[in-house]
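Okay, here's what each chain looks like letter by letter:
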Amino acid sequence: MAQIILERDECTMCGHCVELDESLFTFDDDDRATLVGSERDDNVDELEVEDTAIYEEAEENCTGECIEVYD
Ligand code: SF4
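## Topic: the site of the ligand
Right, on to step 1. Taken together, 13 residues surround the ligand, and among them Cys11, Cys14, Gly15, Cys17 and Cys62 come closest.
Right, on to step 2. When the residues that make up the shell around the ligand are grouped by side-chain class, the tally is eight nonpolar, five polar and no charged.

## Re the pairing of strand 6 (residues 67-70)
Right, on to step 1. The alternating pattern of strand 6 places Ile67 and Val69 on a buried face and Glu68 and Tyr70 on a face that is not buried.
Right, on to step 2. The pairing of strand 1 (residues 2-7) with strand 6 spans four bridges and is antiparallel. Note on strand 6: the bridge partner recorded for Ile5 is Glu68.

## Side note on the sheet that holds strand 5 (residues 44-49)
Right, on to step 1. Spatially, the four strands line up as an open sheet ordered 4-5-1-6, and their pairing is antiparallel. Two strands close off the open sheet at either side, each with one partner strand: strand 4 (39-41) and strand 6. Ignoring strand direction, the axes of neighbouring strands in this sheet form an average angle of 25 degrees.
Right, on to step 2. Helix-sheet contacts for helix 2 (residues 53-61) involve strand 1, strand 5 and strand 6, and the interaxial angle to strand 6 is about 140 degrees.

Definitions and cut-offs
- Residues numbered from 1 in each chain as written.
- Predicted model: local features only at pLDDT ≥ 70, side-chain atom pairs only at ≥ 80, totals over all residues.
- Heavy atoms only, no water.
- Near = heavy atom within 4 Å.
- Nonpolar A, V, L, I, M, F, W, Y, C, P; charged D, E, K, R; others polar.
- Buried < 20%, exposed > 50% of the residue type's maximum accessible area, 1.4 Å probe, protein only.
- Helix = DSSP H or I, 4+ residues; strand = E, 2+ residues; numbered from the N terminus.
- Pairing = 2+ DSSP bridges.
- Axes fitted to C-alpha atoms, helices over the stretch in contact; angles between N-to-C directions.
- Contact = heavy atoms within 4.5 Å.

Here it is, written out as structure tokens:
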């Protein structure tokens, strides 16, 4: 399993991750992105996944540099 992190305080709300896959990324009530199905701690979303491909693509294109993939 790999771990995905989204540091929401750094999110610029650019929408690139949501455009990539709306089933994995969405905007929360504060208009910042969130990882669908994640747990939140101190405004950091954490999610365990098997397949990291889309998350790696999102990490590369994230303008806030706030998505991290730990394989
Ligand atoms: S790509 Fe990064 S900065 Fe843009 S909305 Fe998604 S998490 Fe936020």
